[in-house]
Amino acid sequence: DELLVGYLAQLPPTALQGISDARAILQRATVPPGAAPPPGDRVAVVRAPEAPVQIVDFSDIKCSHCANLDRTMRELHRILPPGSYAHEARWYPLDADCNASLDPAFTGPDDVRCLAPKVLGCVHRARPAQADELRARFFEEQQTLTAARIDELTLAIAGLSADALAACLEAPDADAALAADVAYADRYAPEGTPLVVINGRQGVSYGPFLYALILARGDVDHPAFGALPPPAAELHMH
């Protein structure tokens, strides 16, 4: 509690406003009907079933905001104690070739948006220790990422050859995990990425708010938040 109060006290007004807006968005959100799918095998996961804050995010490999969120979650993992939150990273590719929920016009000039998460799934199953590093590299190079570069990085970091990767990608269940992610995200009718789900409700990817909420043990009504300014009249998901 003291850490939360001290953290809020040293933030500039713009950050406090951002936390207030993010908090209001989460407060107004509802949990959609139906049970969430099981975690399954994911590249970036902080498992803590009993943690008071459960975060699930859905990203697109070429989304710059998703890359920022990936860096945010890595920093939270570095500075927060184990058991304070759980994190599961899933995918929502903005490409109709592997996301049937999108208009067919949303098809990119290459298959990177669809290929990257599938490759990471293969690497996670074959070389789990290298999968998270590979995900970070994909995000670092997202603006210039190509299918050929994905093959290069996968071989260099995970030791999987193009032939081994192709065999994995051609397996009957290769698309199943990605399809499950898309179906899970569609429960929240996403309008873009990243989609961030906090304790079953749609939230936002604002790092200072995620940190403050974890310090508050998931309590959006924590007394420390009473020092925040009123939320903006018009709230925007970001």
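Each remark here, short or long, concerns the structure printed above.
Reading the values: the criteria
- Residues numbered from 1 in each chain as written.
- Predicted model: local features only at pLDDT ≥ 70, side-chain atom pairs only at ≥ 80, totals over all residues.
- Heavy atoms only, no water.
- Helix = DSSP H or I, 4+ residues; strand = E, 2+ residues; numbered from the N terminus.
- Expected span 1.5 Å × (residues − 1).
- Buried < 20%, exposed > 50% of the residue type's maximum accessible area, 1.4 Å probe, protein only.
- Contact = heavy atoms within 4.5 Å.
- Phe/Tyr/Trp six-rings, centres within 6.5 Å; stacked < 30°, edge-to-face > 60°.
- Pairing = 2+ DSSP bridges.
- Axes fitted to C-alpha atoms, helices over the stretch in contact; angles between N-to-C directions.

A. Molecular detail of helix α4 (residues 112-126). The end-to-end C-alpha separation of α4 is 20 Å, in line with the 21 Å expected for 15 residues at 1.5 Å each. Along α4, 11 of the 15 residues are buried, which leaves the element largely enclosed by surrounding structure. For α4, the set of buried residues is Val112, Cys114, Leu115, Ala116, Pro117, Val119, Leu120, Gly121, Cys122, Val123 and His124.

B. How the structure looks around the side chain of Ser20. Relative to the elements of secondary structure, Ser20 occurs in helix α2 (residues 13-28). Judged by its relative accessible area of 3%, Ser20 falls in the buried class. Leaving out residues up to four positions away in the same chain, Ser20 has contacts with Leu228, Pro229, Pro230 and Pro231.

C. Representation of the packing of aromatic side chains within the structure. Applying the stated criterion across every chain yields a total of 3 aromatic pairs. Ring geometry for Trp91 against Phe139: centres 6.0 Å apart, planes inclined by 20°, an arrangement best described as stacked. Within this pair, whereas Trp91 is found in strand β3 (residues 86-91), its partner Phe139 is found in helix α5 (residues 128-140), the two being separated by 48 residues in sequence.

D. Layout of the sheet that holds strand β4 (residues 195-198). Ordered in space as β1-β3-β2-β4-β5, the 5 strands form an open sheet in which the pairing is mixed. The sheet is open, and its two edges are formed by β1 (45-46) and β5 (201-203), each paired on a single side. Bridge analysis of β1 against β3 gives 2 bridges, and the strand direction is antiparallel. By the bridge assignment, Val46 is partnered in β3 with His87. Helix-sheet contacts for α2 involve β4 and β5, and the interaxial angle to β5 is about 160°.

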